[in-house]
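Working through the structure, step by step
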Amino acid sequence: MAIMDVNDAGAQNHDLVPHKGFKLINGTHDPDDVDQIYDLEIRDSDVFVVTYPKSGTIWMQQILLLLEAKGDLTAISKLSKYSNAELIPWIELMGNRQTFITAPSPRMRVSHLPFQFMPSALSQKKGKVIYVARNPKDVVVSYFYFHKLANMLETPTDFDDFFERFLRGDVFGGSWFQHIKTWYSHKDDMNMLFITYEELIQDLQAAVQRIASFLGKELSAEQLAQVVTHSTFSNMKKIPQANYEQVPGELLSHHQGRFMRKGTVGDWKKHFTVFQSERFDQLFHREMADIPLVFLWDIEDVA
Ligand code: PPS
């Protein structure tokens with residue numbers, strides 16, 4: 001049974017279990033297992049993609065899988081019974097820490113965990129971390145729709161209800177500000193590539209090249225072009241593994257919408273009221289005052 005966080009008076013979020021200042025998903029994460037991630041031994045070839053939820057995890061999984069396969073989509077399609085998330089699993093998911101220990105290299109994993117839970121060896125520049133950040137207004141919208149889809153998460157009454165929950169940090173992932181600020185502040189401790197969802201949207205080819213060189217992958221121009229082609233939104237939408245189509249209905253209510261939903265920048269404008277947007281901006285400027293991160297809020301802002 002989920003235990004309510006005493007700090008969240010009024011919040012009735014039965015899907016979350018408070019754990020050491022963070023919130024795990026009831027029945028999806030095992031707190032004891034999560035605690036042991038910190039002590040995992042890390043190999044130089046390990047790669048972790050870290051994101052706040054809805055910031056482009058599946059996109060990065062697709063790019064990493066394609067880089068590994070030198071752009072050959074059929075090599076990944078052969079594994080069609082597996083979704084991207086099974087091929088590059090979440091380290092924090094129940095049981096996944098154990099399989100990570102004995103997995104062959106290269107071990108590629110994704111995580112939504114805050115910095116303090118992740119393997120301490122990463123801070124000694126062992127392994128590699130790719131942190132993907134997305135403008136948080138679009139994160140709110142994407143996460144709202146995901147809550148309708150995902151049966152392990154409590155469905156919000158409406159967007160206003162979810163907006164308030166997000167601002168309180170009463171969602172899996174906790175406070176977006178906390179997540180990004182902590183990871184950003186440790187980026188120089190570790191071998192990290194910090195990249196934004198919006199950079200990928202604006203110039204996917206340049207982003208893929210950056211990721212490939214960070215990982216030390218040597219691909220021909222043609223192979224890199226294939227990676228780009230097979231990781232565009234329109235193409236990924238057609239790939240069942242990248243769209244979580246194989247995920248059983250008891251986990252994802254497929255009739256509620258698609259995982260690959262809009263894939264754009266600025267969809268928040270269709271959902272936020274003027275008042276919500278102003279409130280969000282105030283909070284953003286207050287929280288991010290000392291962080292030199294600039295987000296693209298709308299694709300129309302690109303001249
Ligand atoms: S999750 O549930 O946290 O793992 O979700 P995550 O994969 O991090 O984020 C899902 C959002 O990323 C969008 N996405 C893409 N956008 C553009 N191009 C590509 N190729 C792409 N792949 C995934 C996906 O559509 C979700 O965003 P929204 O705004 O809901 O469409």
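Owing to the predicted nature of the structure, the values given are computational and were not obtained by experimental measurement. (Residues numbered from 1 in each chain as written. Predicted model: local features only at pLDDT ≥ 70, side-chain atom pairs only at ≥ 80, totals over all residues. Heavy atoms only, no water.)

**Some thoughts on the sheet that holds strand S6 (residues 192–196)**
In space, the four strands of this open sheet follow the order S4-S3-S5-S6, with parallel pairing throughout. The sheet terminates laterally at strand S4 (108–111) and S6, the two strands that pair on one side only. On average, each strand axis in the sheet is inclined to that of its neighbour by 20°, with strand direction left out of account. Pairing geometry for strand S3 (residues 47–51) and S4, over four bridges, is parallel. The residue of S4 that forms the bridge with valine 47 is methionine 108. The strands touched by helix H8 (residues 176–185) are S3, strand S5 (128–133) and S6; relative to S5, the strand with the most contacts, the crossing angle is about 145°. (Pairing = 2+ DSSP bridges. Helix = DSSP H or I, 4+ residues; strand = E, 2+ residues; numbered from the N terminus. Axes fitted to C-alpha atoms, helices over the stretch in contact; angles between N-to-C directions. Contact = heavy atoms within 4.5 Å.)

**Let's talk about the site of the ligand**
Neighbouring the ligand are 23 residues, the closest being Thr57, Ser142, Tyr197, Lys262 and Gly263. One nitrogen or oxygen atom from the side chain of histidine 112 is found 3.2 Å from an oxygen atom belonging to the ligand. A distance of 3.0 Å is found between an oxygen atom of the ligand and a side-chain nitrogen or oxygen belonging to arginine 134. Isolated, the ligand exposes 640 Å² of accessible area, and the fraction of that covered by the protein chains is 98%. Elements supplying a minimum of two residues to the shell around the ligand: helix H2 (57–68), helix H6 (136–149), helix H9 (197–202) and helix H12 (233–237). The element best represented in the shell around the ligand is H2, accounting for three residues. Taken together, the residues that form the shell around the ligand break down as eleven nonpolar, eight polar and four charged. (Near = heavy atom within 4 Å. Polar contact = N/O pair within 3.5 Å; in protein donor to acceptor, adjacent residues only side chain to side chain. Areas by Shrake-Rupley, 256 points an atom, 1.4 Å probe, with all protein chains shown as cover. Nonpolar A, V, L, I, M, F, W, Y, C, P; charged D, E, K, R; others polar.)

**Quick look at the environment of alanine 207**
Within the fold, alanine 207 resides in helix H10 (residues 204–215). Residue classification places alanine 207 among the buried positions, given a relative accessible area of 5%. The sequence separation of alanine 207 and alanine 150 amounts to 57 residues, and the corresponding C-alpha distance is 29 Å. Those residues in contact with alanine 207, other than ones at most four positions away along the chain, are Ile195, Glu199 and Leu200. (Buried < 20%, exposed > 50% of the residue type's maximum accessible area, 1.4 Å probe, protein only.)

**Some thoughts on the confidence of the model for the protein**
If pLDDT is low for a region, its predicted coordinates should not be looked at in detail. Mean pLDDT over the protein: 91, with 94% of residues reaching 70 or higher. A low-confidence stretch, residues 1–12 (pLDDT under 50), is modelled with 16 contacts involving residues beyond four sequence positions or located in other chains. (pLDDT = per-residue confidence, 0-100.)

**Digging into the nonpolar core**
Core analysis: the biggest nonpolar cluster contains 99 residues, and Leu64, Leu67, Ile130, Phe166, Trp176 and Ile211 have the highest contact counts within it. Tallying contributions element by element places H2 first for this core, with eight residues. Dropping the residues within four chain positions of it, phenylalanine 166 is found in contact with Tyr52, Pro136, Val139, Val140, Tyr143, Val171, Trp176 and Phe280. (Core = buried A, V, L, I, M, F, W, Y, C linked by side-chain atoms within 4.5 Å.)

**With respect to the environment of threonine 74**
Tracing the backbone through its elements, the reader meets threonine 74 in helix H3 (residues 73–77). Note: C-alpha distance between threonine 74 and glutamine 61 (13 residues apart in sequence) is 16 Å.

**What to know about the pairing of S3**
Across the five residues of S3, five count as buried, placing the element largely inside the fold. Taking every second residue as pointing to the same face, both faces of S3 are buried, with Val47, Val49 and Thr51 on one and Phe48 and Val50 on the other. Bridge analysis of S3 against S5 gives five bridges, and the strand direction is parallel. Paired with threonine 51 across the two strands is valine 132, which belongs to S5.

**Comments concerning the side chain of lysine 137**
Position of lysine 137 relative to the elements: it lies in helix H6. Among the polar contacts listed, one links the side chain of lysine 137 to the side chain of aspartate 281, at a separation of 2.7 Å. The contacts of lysine 137, once residues within four sequence positions are left out, are Trp268, Phe272, Ser277, Phe280, Asp281 and Trp297.

**Observations concerning the pattern of salt bridges**
The final tally for this structure, using the stated rule, is 17 salt bridges. Between lysine 23 and aspartate 170 there is a salt bridge, and its shortest N-O distance comes to 3.3 Å. Residue lysine 23 is located in strand S2 (residues 22–25), and its partner aspartate 170 is located in the loop between helix H7 (159–168) and H8; the two are separated by 147 residues in the primary sequence. Of the two residues examined, lysine 23 and aspartate 170, each falls in the buried class. We note a salt bridge from arginine 97 to aspartate 33, for which the minimum N-O separation is 3.0 Å. Highlighted residues: arginine 97 in helix H5 (residues 96–102) and aspartate 33 in helix H1 (residues 31–36), separated in sequence by 64 residues. (Salt bridge = Lys/Arg side-chain N within 4 Å of Asp/Glu carboxyl O.)

**Quick word on the environment of valine 129**
Counting through the fold element by element, valine 129 comes out in strand S5. Classification of valine 129 by relative accessible area gives buried; the value is 1%. For the pair valine 129 and aspartate 46, spaced 83 residues apart in sequence, the C-alpha to C-alpha distance is 8.6 Å. Not counting residues up to four positions away in its chain, the partners in contact with valine 129 are Phe48, Val50, Leu122, Trp183, Met190, Asn191, Met192, Leu193 and Phe214.

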